[in-house]
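Take a look at the letters that make up each chain.
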Amino acid sequence: MRVYNFSAGPAQLPLPVLERAASELTDWSGSGMSVLEVSHRGKDFVACAADAEATLRRVMGVPEDYRVLFLQGGATAQFAGIPLNLTAPGDTVAYLNTGQWSAKAVEQARAYDLDVVVVADEAASSYTTTPEEGSFSVPQDARYLHYTPNETIGGVEFGYVPDAGDVALVADASSTILSRPLDVSRYGLIYAGAQKNMGPSGLCVVIVREDLLGRARTTTPVVLDYTRMSAADSMLNTPPTFAVYLLGLIAHWLEDNGGLEAMGERNRAKAELLYGAVDASDFYTNPVQERSRSWMNVPFTLADPALDADFLLGAQAAGLTNLKGHRSVGGMRASIYNAMPIEGVQALVDYMTDFEATRA
Ligand SMILES: *Cc1c(COP(=O)(O)O)cnc(C)c1O
């Protein structure tokens, strides 16, 4: 029995992808072995990684002059990987701070002898807003402007792509990548941990414009050096093979289901359904400023927090799992990534309506 899993990550995966992986697990592509057991340098796996990269490139429309890298250490490793690859000691770098993930990225950058300029900081709003478009200016000598398009914990999302002028824009897209079309050419670097919308945890996809490469500090560990690592054609060490295989299956699933355009429409409809239910009720509240509401992570509180535990118990019984909010925000959080069908959101809305009617 499959539940509707609202976890923020690792998150629900598309059922057809899981079924395909299950069916191939003991004998993958006629090898008599699972994909977990084959050499990462064998031709079957090399072709699998190349196909995962090519499919992801097609789905996202990644231009030719960008490299796609499959790295390890999750998105968190890139909080260090980015300064190590793109800066020299003493350089200026700019960050937008809109939540706990961007704050972690800032903190890590401070370890690398940089002038870290936080050009907008939403901490004072308890991370319930994004800066108004055009309200901040980016030092034009900065090596990059880093931001988090979707803050997974706060449920706060930018409704626009920040204008960094001539400065390279760097995005931690962990919880929004593949959720709708995105113009890769506006970015210098996009990175994302896979476990929200792309596959298993541990894998991090980095999409980087080639002209930014070649500046890695000599102290950069090779596994974080973008010029030494790649998706498919030069495997410096053993890549997370199963995660790469699954990412490929997910990219094909997206392609077979109308690509990012169709996914964006489905995600918009899901978010509208859930926010509509929250807004129509005096019992449920979403703390985020309206224009900054996330399509992917929807935190909400109950008017009476004493009912939280009952709400969660009833939800679990109804097959709706992992709705407990992040410990720093409290209340509930429903993460409704690509793999969550609208039927799952409708089931949640029905449960919320019912709970309010009988318990509030
Ligand atoms: C989950 C998440 C991370 C951390 O990813 P790990 O793979 O656990 O390192 C970083 N940034 C954002 C926006 C996230 O949602």
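Not measured: the values here are computed from a predicted model.

This part is about the UniProt feature "modified residue: N6-(pyridoxal phosphate)lysine" (unreviewed entry) in the protein. Under the UniProt annotation, the feature "modified residue: N6-(pyridoxal phosphate)lysine" (unreviewed entry) is placed at Lys 196. Here Lys 196 is to be found in the loop between strand 9 (189–193) and strand 10 (203–209). A residue is classified by how much of its surface remains accessible, and Lys 196, at 12% relative accessible area, is buried. Not counting residues up to four positions away in its chain, the partners in contact with Lys 196 are Ala 8, Gly 9, Ala 11, Thr 152, Ser 174, Ser 175 and Tyr 337.

Turning next to the pattern of salt bridges. One pass over the structure, following the stated rule, counts 12 salt bridges. With a shortest N-O distance of 3.7 Å, Arg 291 and Glu 132 are connected by a salt bridge. A residue pair is termed long-range when its members are at least 10 positions apart, and Arg 291 in the loop between strand 11 (284–285) and strand 12 (297–302) and Glu 132 in the loop between strand 4 (115–121) and strand 5 (144–147) qualify at 159 residues. Its relative accessible area of 36% is what places Arg 291 among the partly exposed residues. A relative accessible area of 48% means that Glu 132 is categorised as partly exposed. Sharing partners across several salt bridges, the network here consists of Asp 91, Arg 143 and Arg 215.

It is the contact of helix 5 (residues 241–256) with helix 6 (residues 259–279), at a shortest axis distance of 7 Å, that shows an interaxial angle of 80 degrees. As the angle between them shows, helix 5 and helix 6 are arranged roughly perpendicular. Between helix 5 and helix 6, the contacting residues are Trp 253, Leu 254 and Glu 255 on the first element and Gly 259, Leu 260 and Met 263 on the second. Along the lines of polarity and charge, the residues of the contact of helix 5 with helix 6 split into 4 nonpolar, 1 polar and 1 charged.

Turning to the packing of aromatic side chains, a few remarks are in order. Tallied over the full model, the rule gives 14 aromatic pairs. Ring geometry for Tyr 147 and Phe 158: centres 4.9 Å apart, planes at 90 degrees, overall edge-to-face. In this pair, Tyr 147 is assigned in strand 5 and Phe 158 in the loop between strand 7 (156–157) and strand 8 (168–172), connecting sequence segments 11 residues apart. Take Tyr 147 and Phe 158: they sit in the same class, and that class is buried. The ring of Trp 101 carries Lys 104 above its face, with NZ or CZ at 4.6 Å from the centroid.

As a further point, take the domain arrangement of the protein. The assigned domain composition of the protein is domain 1 (4–13 + 258–359) and domain 2 (15–256). Placing a centre on the C-alpha atoms of domain 1 and another on those of domain 2 gives a separation of 26 Å. Listed per partner, the contact involves 30 residues of domain 1 and 35 residues of domain 2. Summing both partners gives a buried area of about 2500 Å² for domain 1 against domain 2, and 56% of it is carried by carbon and sulfur. Ranking the residues of domain 1 by area buried against domain 2 places Leu 13, Leu 260 and Arg 291 at the top, with a combined share of 29%. At the boundary of domain 1 and domain 2, one finds 1 salt bridge. On the surface where domain 1 and domain 2 come into contact, there are 18 residue pairs in polar contact (both at pLDDT 80 or more). Taken together, the elements giving at least two residues each to the side of domain 1 that touches domain 2 come down to helix 6 and strand 12. Broken down by element, the residue count for the side of domain 1 that touches domain 2 peaks at 6 residues, all from helix 6.

Here 3 strands make up an open sheet; going across it, the order is 11-12-14 and the pairing antiparallel. The open sheet has two edge strands, strand 11 and strand 14 (332–335), and neither has a second partner. Two strands pair when backbone bridges link them, and strand 12 and strand 14 are joined in this way by 4 bridges, in the antiparallel orientation. Considered in strand 14, the bridge of Asn 297 is made with Ser 335.

With respect to spatial proximity, 13 residues lie near the ligand, and among them Thr 76, Thr 152, Asp 172, Gln 195 and Lys 196 are the closest. Taking Ala 75, its main chain carries an N or O atom lying 3.2 Å from an oxygen atom of the ligand. Taken by itself the ligand offers 390 Å² of open surface, and the protein chains cover 88% of this. Element by element, the count of residues in the shell around the ligand is highest for helix 3 (residues 74–86), at 4 residues. The class makeup of the residues in the shell around the ligand is 3 nonpolar, 8 polar and 2 charged.

Turning our attention to the side chain of Arg 180. Tracing the chain through its elements places Arg 180 in the loop between strand 8 and strand 9. At a separation of 3.3 Å, a polar atom in the side chain of Arg 180 contacts the side chain of Thr 176. Of the polar contacts made by the side chain of Arg 180, one reaches the side chain of Ser 179; its length is 3.1 Å. Those residues in contact with Arg 180 that sit more than four places away from it in its chain are Glu 157, Leu 260, Gly 264, Trp 295 and Met 296.

With that settled, the discussion passes to the side chain of Thr 176. With respect to the secondary-structure elements, Thr 176 resides in the loop between strand 8 and strand 9. Classification of Thr 176 by relative accessible area gives buried; the value is 12%. Dropping the residues within four chain positions of it, Thr 176 is found in contact with Pro 149, Asn 150, Glu 157, Asn 197 and Met 296.

What counts, and where the lines are drawn
Residues numbered from 1 in each chain as written. Predicted model: local features only at pLDDT ≥ 70, side-chain atom pairs only at ≥ 80, totals over all residues. Heavy atoms only, no water. UniProt positions renumbered as here; feature names shortened; annotations may be inferred. Helix = DSSP H or I, 4+ residues; strand = E, 2+ residues; numbered from the N terminus. Buried < 20%, exposed > 50% of the residue type's maximum accessible area, 1.4 Å probe, protein only. Contact = heavy atoms within 4.5 Å. Salt bridge = Lys/Arg side-chain N within 4 Å of Asp/Glu carboxyl O. Axes fitted to C-alpha atoms, helices over the stretch in contact; angles between N-to-C directions. Parallel < 35°, antiparallel > 145°, perpendicular 65-115°, else oblique. Nonpolar A, V, L, I, M, F, W, Y, C, P; charged D, E, K, R; others polar. Phe/Tyr/Trp six-rings, centres within 6.5 Å; stacked < 30°, edge-to-face > 60°. Lys NZ or Arg CZ within 6 Å of the ring centre and 35° of its normal. Domains from an automatic or database assignment. Buried area = accessible area lost by both parts, 1.4 Å probe. Polar contact = N/O pair within 3.5 Å; in protein donor to acceptor, adjacent residues only side chain to side chain. Pairing = 2+ DSSP bridges. Near = heavy atom within 4 Å. Areas by Shrake-Rupley, 256 points an atom, 1.4 Å probe, with all protein chains shown as cover.

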